[in-house]
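# Structural overview for review
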Amino acid sequence: MYLLCYGRSDNAKKTGDGLIGRIGGRWIDSADFFTSRVPVSASERDAVIVLILPLEASIEILNGNFSPTLSGFPVICCSPDGLFAAVISRGDGSTLADCDDVYGRICECLGPKCFRSFGSNADIAPDLSTAIESYGMTANDSEKLRSYLAMIRSGEKVSIYTDLPIVFAESAIDSMIFDVNRYSRETKESFLQSYISLTASSSRAIFITCAKLPDCPGEPPLVLIPKLVSVGLELTGRCDPEYAAVLVLATLENHGIDSRSVSTIAVSQSARESDIVHKVAEMFGASVTAFSTKVLQEVKLPLKMTFAPVREQTDIATAACYQTSGNGRILIRRAAEKSGLAISACLKRGNILLTE
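Right, let's walk through the structure included here.

Reading the values: the criteria
- Residues numbered from 1 in each chain as written.
- Predicted model: local features only at pLDDT ≥ 70, side-chain atom pairs only at ≥ 80, totals over all residues.
- Heavy atoms only, no water.
- Helix = DSSP H or I, 4+ residues; strand = E, 2+ residues; numbered from the N terminus.
- Rg over C-alpha atoms; globule rule 2.2 N^0.38 Å.
- Buried < 20%, exposed > 50% of the residue type's maximum accessible area, 1.4 Å probe, protein only.
- Areas by Shrake-Rupley, 256 points an atom, 1.4 Å probe, with all protein chains shown as cover.
- Lys, Arg positive; Asp, Glu negative; His and termini not counted.
- Charge placed at Lys NZ, Arg CZ, Asp CG, Glu CD.
- Polar contact = N/O pair within 3.5 Å; in protein donor to acceptor, adjacent residues only side chain to side chain.
- Expected span 1.5 Å × (residues − 1).

## Re the overall build of the protein
In terms of regular secondary structure, the protein is built from 11 helices and 17 strands. Whereas a compact globule of 356 residues would reach a radius of gyration of roughly 21 Å, the protein reaches 26 Å, over 25% beyond that. Structurally, the protein occupies a C-alpha span of about 85 × 45 × 30 Å along its principal axes. In the protein, which comprises 356 residues, the proportion classed as buried is 46%. Accessible surface, the protein: about 17,700 Å² in total, of which carbon and sulfur atoms supply 50%. Mean positive and mean negative side-chain charge positions of the protein (35 and 41 charges, respectively) differ by 4 Å.

## Details of the side chain of D258
Mapped onto the secondary structure, D258 falls in the loop between helix 8 (241-254) and strand 13 (262-268). When its relative accessible area of 5% is taken as the criterion, D258 is described as buried. At 2.8 Å, the side chain of D258 and the backbone nitrogen of R260 are in polar contact.

## Some points on unusual backbone geometry
In this structure, R334 is a non-glycine residue whose phi angle is positive, near 55 degrees. Secondary-structure assignment places R334 in strand 15 (residues 329-335).

## A look at helix 5 (residues 142-153)
Along its 12 residues, helix 5 runs 17 Å from first to last C-alpha, staying within 8% of the 16 Å computed at 1.5 Å per residue. One side-chain oxygen of the residue at the start of helix 5 lies 3.1 Å from the amide nitrogen of E143, identifying that residue as D141. Following helix 5 by one or two positions, G155 adopts a phi angle in the positive range, close to 95 degrees.

Such coordinate-based values are descriptive only and should not be taken to indicate function.
If you want it as C-alpha cells, here you go:
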C-alpha cells in the first residue's frame, strides 16, 4: 500500500502524517500534480491518491483538468479532521492497489469516529436477473445462482471472470459491486487456469463464458453460459440424424465450446426441413434460421479457406452462421465435412450488457 496525500490545512497535515506514518506514502507538493501529464514513477504505480479536503473540494479536483496519466488511480477523500472518508474514484483497475483494502486501512487509522458512508452498497447493487434472462444464460448450479443473486443484491462485492465482452450501464458505480477479470483469446489458458485454481480453493466467483470449462476436483464457481453461439450446417452427403447430432456436439466440445451456448442452427433454405437439422436443433434446444442461396453467396467471410480455395464462395455452413451472428467471431470453420455434414460456428457480435 502506498498513499499519495494532498491537503492544505494544519488539520490535513496532521491527519495525512498519521496515515503516511502507519500505511506508507508521501505528500503531493502542489496542486499542479493533478494537471501535469508527467508519468508517475514506476515505484508509485500501485499508489492510491488521498485528498485530505472537504468532499466538495475533492470532487472539484477530480472534475477539473485532471491529468489522463492519473485517471487510472483510485482516489479517496478524507476530511481534514479525520471524521469522514469515502472512495470517490476506483480508477480503471490497471494499478496494483486494492482500493477496498486501502480504504479499510485508512478508516481503521482514522478510528471509530470516522463516518464512512451515506448508505450501503445494497442501495446501488444491480440485479443480474435481467441480463440472465436477456441472454438466455444457463447456470451450472441453480441453487448457487440464487445464493449469488441474493449476495449481489445485498451489496456484497463479487469477482467476475470472463472471456466475453461484458459492459456495465454505470461502470463507475457497478465497479463497487463487481471486480471484473477480463481475458482475451490470446489468454485462454490463463482463463482456464483461473477456473481450475478457484475450483480448488472453493472461492466465490462468477464465470461468464461460452467456453467448455474443464472438469476438476473441488467446488466449482458459479458459471453462467449465455446463448451467443450460432452453428452453421451444410449437408454434404448422407448422414444419420442421430449421428449428426452427436457429431455436432463432439465438434463443439473439441473446439472448446460449451453446447449450452448454442442459440441458433443456421442453414440454407433447402436444408431447413431436413431431419438432420431438426434433430440437431432439438438436441441443443435451439431455433432454426434459414437463408436463401443468393443471400449466403453474398456474405463476405473474413477468413480464407486455405484448404479448399476453389469452394471459398460456397461455404454455406460458415456463411449461414456468420450471417446469423451479425458478422461475429468465427469459432469453427467448416469442420467434419467428410462425415456428410459441414459444421461451422460463430459467436454473436456485440457486448453483453450485464447491468441496467
